[in-house]
Amino acid sequence: MKKIVFIIAAIFCLTNNSNAQQDDYRTKLLFGVKAGANYSNIYDEQSQDFNTDPKYGLAAGAFLSIPIGRYLGVQPEVLFSQKGFHASGSNYSFTRTTDYLDVPLLVAFKPAEFLTILGGPQYSYLMKQNDRFDSPLINYEQQQEFENDNIRKNILCFVGGVDFNLRRFVFGARAGWDVQHNNGDGTSSNPRYKNVWYQGTIGLRF
């Protein structure tokens, strides 16, 4: 009788363990969509006195979670991402809003099913820039749109953050900053004014 109980218990444990492995999202190839907001600003590498105020912008797109075993994976993403800043003085205000197509290529470390730690490079392509200037004497707004067929012409950034996973839902927090301009001809330059941003999103995995 004891042997029968032991065999039944062993089968039950093995079945539960197998089901748990099958339900572990870390081992599955998953596609997802997400949306949220950026809190962005710029900084001047050559002047510590340069001071601007951050602004909010939209962040939305899709991602693909590709497992490499249970604890490691890669996560490419494609995002529409608004960045920019505010600047003001005693009698004027200036706001710049920039629309980017961001392509992060992230390494994912998954110590637990509910937590994913991510980091890696991001390539950003400027699509549109909107400048607004207001003062007692003059007010103007200028919009520029950019077309870039050369994928080597981009801004290289670094992004890091965490995802909190609740079954199909993902709550993401990121921080990122510009590193260099890739000029498209094999050369690169270090931009004086660099974007820096914090990003929060809510996503759904399929």
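This is a predicted model, so every value here is computed, not measured.

Q: Account for the overall build of the protein chain, naming residues and giving values.
A: Broken down by element type, the protein chain carries one helix and ten strands. Going from N to C terminus, the protein chain has its helices and strands arranged as α-β-β-β-β-β-β-β-β-β-β. Taken over 206 residues, the protein chain has a buried fraction of 34%. Within the protein chain, residue pairs in contact and separated by at least 24 positions form 61% of the contacts whose partners lie at least 6 positions apart.

Q: Describe the pattern of salt bridges, naming the residues involved and giving the relevant values.
A: Overall, the coordinates contain 13 salt bridges when judged by the stated rule. When the shortest N-O distance is used, the salt bridge between D102 and K83 registers 3.3 Å. Of this pair, D102 sits in strand β4 (residues 93-112) while K83 sits in strand β3 (residues 72-88), and the two are 19 residues apart along the sequence. A residue is classified by how much of its surface remains accessible, and D102, at 1% relative accessible area, is buried. For K83, a relative accessible area of 0% corresponds to the buried category. What you see here is one network of salt bridges that share partners, running through K34, E77, D163 and R174.

Q: Describe in detail a nonpolar patch on the surface, supporting the description with residues and values.
A: Taken together, the side chains of I68, Y71, L72, V74, V107, F109 and I117 make up a nonpolar region of the molecular surface, amounting to roughly 600 Å² of accessible area. Of all the secondary-structure elements, those providing two or more residues to the nonpolar patch are β3 and β4. Its location among the elements puts F109 in strand β4.

Q: Lay out the environment of F171 with the relevant residues and their values.
A: Relative to the helices and strands, F171 is located in strand β8 (residues 169-183). Along the primary structure F171 and I202 are separated by 31 residues, whereas in three dimensions their C-alpha atoms are 4.7 Å apart.

Q: Can you tell me about unusual backbone geometry, naming the residues and giving the values?
A: A positive phi is found at R167, a non-glycine position, where the angle reads about 55 degrees. With respect to the helices and strands, the residue R167 is situated in the loop between β7 (153-166) and β8.

Q: Lay out the side chain of T97 in plain terms, naming residues and giving numbers.
A: By secondary structure assignment, the location of T97 is in strand β4. Discounting chain neighbours no more than four positions away, the residues touching T97 are K55, Q82, K83, K128, Q129 and N130.

Q: Describe in detail the environment of L101, supporting the description with residues and values.
A: Counting through the fold element by element, L101 comes out in strand β4. On the basis of relative accessibility, which here comes to 31%, the residue L101 falls in the partly exposed class. Here L101 is in contact with V78, L79, Y123, S124, Y125 and M127, once residues within four sequence places are set aside.

Q: Let's hear about the pairing of β7: which residues, and what values?
A: Relative to β7, strand β5 (residues 115-134) is paired through ten bridges, and the arrangement is antiparallel. Directly across from G119, in β7, lies its bridge partner G160. In terms of strand pairing, β7 meets β8 through 14 bridges, oriented antiparallel. Bridge pairing in β8 links F158 to W177. Where β7 folds back on β8, the antiparallel hairpin that results is connected by two residues, among which R167 adopts a positive phi of roughly 55 degrees.

Q: Which residues make up the environment of G120, and what values go with them?
A: Within the secondary structure, G120 sits in strand β5. Sequence-distant contacts of G120, that is, excluding residues within four places in its chain, are made with L105, L106, C157, F158 and V159.

Q: Explain the packing of aromatic side chains to me, using residue names and the numbers behind them.
A: On inspection of all chains with the given rule, the structure shows seven aromatic pairs. Through pairs of rings, three or more aromatic residues link up here, namely Y92, F133 and Y140. When the ring centre of Y25 is taken as origin, the NZ or CZ atom of K28, which lies over that ring, is 5.0 Å away. Across the ring face of W197, the terminal group of K83 is positioned such that the distance to the ring centre comes to 3.8 Å.

Rules and cut-offs
- Residues numbered from 1 in each chain as written.
- Predicted model: local features only at pLDDT ≥ 70, side-chain atom pairs only at ≥ 80, totals over all residues.
- Heavy atoms only, no water.
- Helix = DSSP H or I, 4+ residues; strand = E, 2+ residues; numbered from the N terminus.
- Buried < 20%, exposed > 50% of the residue type's maximum accessible area, 1.4 Å probe, protein only.
- Contact = heavy atoms within 4.5 Å.
- Salt bridge = Lys/Arg side-chain N within 4 Å of Asp/Glu carboxyl O.
- Patch = residues over 30% accessible without salt bridge, like charges linked within 9 Å, V, L, I, M, F, W, Y side chains within 5 Å.
- Areas by Shrake-Rupley, 256 points an atom, 1.4 Å probe, with all protein chains shown as cover.
- Pairing = 2+ DSSP bridges.
- Phe/Tyr/Trp six-rings, centres within 6.5 Å; stacked < 30°, edge-to-face > 60°.
- Lys NZ or Arg CZ within 6 Å of the ring centre and 35° of its normal.

Read these as layout, nothing more, since geometry by itself doesn't imply function.
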